[in-house]
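Each chain, letter by letter, is given below.
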Amino acid sequence: MSPQVRYLLSGAAGFILAACSSGSFTAGPTTAASSTVHGSVAKKNANVTVSALNLGGSTATVTVYSNAGARLLRTISLVAVDDLTKKLFNMTASSSGFLYIELPADPGQVKSPGLLTIYKGKGAKKIASIGLSSNYYLLVADAVGNVYTMCKNRLMCEYNASGKSVRKINVGKYGWNGAEALAVDSSGDLAIVYNDAAMVFPPGATKPSWSIGSSQGMGGNISATFDPSGNLYIAGINDKVFVFAPNASSPSYVIEDGVANPSEVVCDSLGNLYVLNGSTIARYAQGESTPESTIGVGPSAVSMALDAADNLYVANEGGSGNTGSVTVYAAGSNSLVRTVTNGIEGPASVGVSP
């Protein structure tokens, strides 16, 4: 679950003010490493910040690590969580150094309005809280720190890193109630993906510049991403990834080999595609429909993220008696670098930022 791409439309009315948010900080350890080290990541990633959203305890937390997961910096305590409300939480991080967390404003109510909080400084300071009309579990952030989420039924909202409203897109004009997935490219083009269709909006626009209709064979779309060339990848529960060239209304090709119950897709800086299939991650070279390699990540992998040097971070929920972990893999390989367990308890999402 990520960034990033799942949602819940609960239809609850009302607006919750920022005062309803809670977010307390607990300092992390100042000495020993918080992980098992198996190798090393590139030196230029020594200061990469890794954040994990933990939903395995009675209280949701976000743990923030420095040095690509090697040291626990702090723990952000959120609100109570149970099996019914776990799906109402989400988290993402941006390359501009901001952290975004969505949670239910009333943790005891499945149909509670939502609350989006924004942090900066490696999670050290909360700078904004934004009330949402419901919980949509859908977040993505762009390179300058703007964040996108459904803020109301039929309404997609964009906020800057200070929490100020930047743009509202009425998806209801196109017959949509909400969205299934979001993706944003390096230029700020926003893809809003529905069950079997998609639209792409240039920065600041409320009308799409690129539309993909519902006649392309997609169904049950669940995740989307752009590669550096602007190609759009859309994965669905029909075990397919559809690849669209910029502005194309029909797919260039469809990936089926190596795709099985996909939950998330991401692309690295070279255009390689990663598909999270639960117990494995399949990696494809740009333009290829057969995986060049497969990473066995176990049956409880739920989220993944890439840093600027293409090292891969995977959140693993863990099974019975296992609190889970965040595992780190060296760029472009199956080599396990680090297993982070300190502070981890049922992680549902992982994010990285400089």
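Just so it is clear, the structure is predicted and the values come from calculations on it, not from any experiment.

Chemist: Which residues make up the state of the cysteines, and what values go with them?
Modeler: Applying the stated criterion across every chain, the model contains 1 disulfide. Here Cys151 is linked by a disulfide to Cys157, with a sulfur-sulfur distance of 1.9 Å. Note on Cys151: relative accessible area 8%, which makes it buried. Assessed through its relative accessible area of 1%, Cys157 is described here as buried.

Chemist: Describe unusual backbone geometry, naming the residues involved and giving the relevant values.
Modeler: Among all residues save glycine, negative phi is the norm, and among peptide bonds the norm is trans. Although it is not a glycine, Asp239 adopts a positive phi angle of roughly 60 degrees. Inspection of the secondary structure puts Asp239 in the loop between strand E19 (232-236) and strand E20 (240-244). The phi torsion at Asp310 lies on the positive side, around 75 degrees, for a residue other than glycine. Of note, Asp310 is situated in the loop between strand E26 (301-306) and strand E27 (312-316). Judged by relative accessible area, which is 8%, Asp310 ranks as buried.

Chemist: If you had to explain the sheet that holds strand E12 (residues 155-159) to someone new, which residues and values would you point to?
Modeler: What links the strands of a sheet is backbone hydrogen bonding, and the strands pair in either a parallel or an antiparallel sense. Strand order in the open sheet made by the 4 strands is E10-E11-E12-E13, with antiparallel pairing throughout. Edge positions in the open sheet fall to strand E10 (140-141) and strand E13 (165-170), since each of these has one partner strand only. When E12 meets E13, the two strands line up antiparallel, connected through 5 bridges. Across the sheet, residue Tyr159 finds its bridge partner in E13, namely Ser165.

Chemist: I'd like a rundown of the side chain of Ser94, residues and numbers included.
Modeler: Mapped onto the fold, Ser94 is located in the loop between strand E6 (90-93) and strand E7 (99-104). Under the relative-accessibility criterion, Ser94 is labelled buried at 1%. Setting aside chain neighbours within four positions, we find Ser94 in contact with Tyr100, Ala141, Asp142, Gly145, Val352, Ser353 and Pro354.

Chemist: Before we move on, can you summarise the environment of Thr327 with the specific residues and values?
Modeler: Structurally, Thr327 is set in strand E28 (residues 325-329). Here Thr327 falls in the buried class, since its relative accessible area comes to 8%. Sequence spacing of Thr327 and Met304 is 23 residues, and the spatial spacing of their C-alpha atoms is 9.4 Å. Excluding its chain neighbours within four sequence positions, the residues that come into contact with Thr327 are Leu312, Tyr313, Val314, Asn316, Leu336, Arg338 and Thr339. A distance of 3.3 Å separates the side chain of Thr327 from the side chain of Asn316, its partner in a polar contact.

Chemist: Describe in detail the packing of aromatic side chains, supporting the description with residues and values.
Modeler: Considering all chains together, one arrives at 2 aromatic pairs under this definition. For the ring pair Trp176 and Tyr194, a centre distance of 4.9 Å and an interplane angle of 15 degrees mean the geometry is stacked. Residue Trp176 is located in the loop between E13 and strand E14 (181-184), and its partner Tyr194 is located in the loop between strand E15 (190-193) and strand E16 (198-201); the two are separated by 18 residues in the primary sequence.

Chemist: I'd like a rundown of the sheet that holds strand E8 (residues 114-120), residues and numbers included.
Modeler: The strand order across the open sheet built from 4 strands is E6-E7-E8-E9, with neighbouring strands paired in antiparallel fashion. With partners counted over all chains shown, the strands left at the sheet margins are E6 and strand E9 (125-132), one partner each. In this sheet, neighbouring strand axes are inclined to one another by 15 degrees on average, regardless of whether the strands run parallel or antiparallel.

Chemist: Which residues make up the side chain of Asn231, and what values do they have?
Modeler: Its place among the elements puts Asn231 in the loop between strand E18 (221-226) and E19. Here the side chain of Asn231 touches Asp227 through a polar contact of 2.9 Å, side chain to side chain. Beyond its immediate stretch of four places on either side in the chain, Asn231 contacts Thr225, Phe226, Val243, Phe244, Ala245, Pro246 and Gln286.

Chemist: Requested: an account of the nonpolar core, with residues and values cited.
Modeler: The biggest cluster of nonpolar side chains holds 21 residues, and the ones touching the most others in it are Val62, Leu78, Phe89, Leu99 and Ile101. Listing elements by their share of this core, those giving two or more residues are strand E4 (59-66), strand E5 (71-80), E6, E7 and E8. Val48, Val50, Tyr65 and Ile344 belong to the second-largest nonpolar core, a separate cluster that totals 18 residues.

Chemist: Any details on empty space enclosed by the protein? Residues and values, ideally.
Modeler: What the largest cavity holds in volume is close to 60 Å³. Around the largest cavity, the lining residues are Thr49, Ser51, Val64, Ala93, Gly97, Phe98, Leu99, Lys122, Gly123 and Ser353. Within the lining of the largest cavity, the residues separate by chemical class into 4 nonpolar, 5 polar and 1 charged.

Chemist: Talk me through the pairing of E26; I want residue IDs and the actual numbers.
Modeler: For E26, a buried count of 6 out of 6 residues is recorded, marking the element as mostly surrounded by other parts of the structure. Where E26 meets E27, 5 bridges bridge the pair, whose relative direction is antiparallel. Opposite Leu306, over in E27, you have Leu312 as the bridge partner. Counted along the chain from E26 to the antiparallel partner E27, the turn is 5 residues long, and its residue Asp310 has a positive phi close to 75 degrees.

Chemist: Break down the pattern of salt bridges for me, citing the residues and quoting the values.
Modeler: The final tally for this structure, using the stated rule, is 3 salt bridges. Two residues, Lys86 and Asp83, come together in a salt bridge whose shortest N-O distance is 3.7 Å. For Lys86, a relative accessible area of 32% puts it in the partly exposed group. We note a salt bridge from Arg167 to Glu158, for which the minimum N-O separation is 2.7 Å. By relative accessible area, which is 5% here, Arg167 ends up buried. Judged by its relative accessible area of 5%, Glu158 is buried.

Conventions and cut-offs
- Residues numbered from 1 in each chain as written.
- Predicted model: local features only at pLDDT ≥ 70, side-chain atom pairs only at ≥ 80, totals over all residues.
- Heavy atoms only, no water.
- Disulfide = S-S within 2.5 Å.
- Buried < 20%, exposed > 50% of the residue type's maximum accessible area, 1.4 Å probe, protein only.
- Helix = DSSP H or I, 4+ residues; strand = E, 2+ residues; numbered from the N terminus.
- Pairing = 2+ DSSP bridges.
- Contact = heavy atoms within 4.5 Å.
- Polar contact = N/O pair within 3.5 Å; in protein donor to acceptor, adjacent residues only side chain to side chain.
- Phe/Tyr/Trp six-rings, centres within 6.5 Å; stacked < 30°, edge-to-face > 60°.
- Axes fitted to C-alpha atoms, helices over the stretch in contact; angles between N-to-C directions.
- Core = buried A, V, L, I, M, F, W, Y, C linked by side-chain atoms within 4.5 Å.
- 1 Å grid on protein atoms, 1.4 Å probe; cavity = no way out; pocket = protein on both sides within 12 Å on 5 of 7 lines; lining within 4 Å.
- Points joined across faces, edges and corners; volume = space filled by probe spheres on them.
- Nonpolar A, V, L, I, M, F, W, Y, C, P; charged D, E, K, R; others polar.
- Salt bridge = Lys/Arg side-chain N within 4 Å of Asp/Glu carboxyl O.

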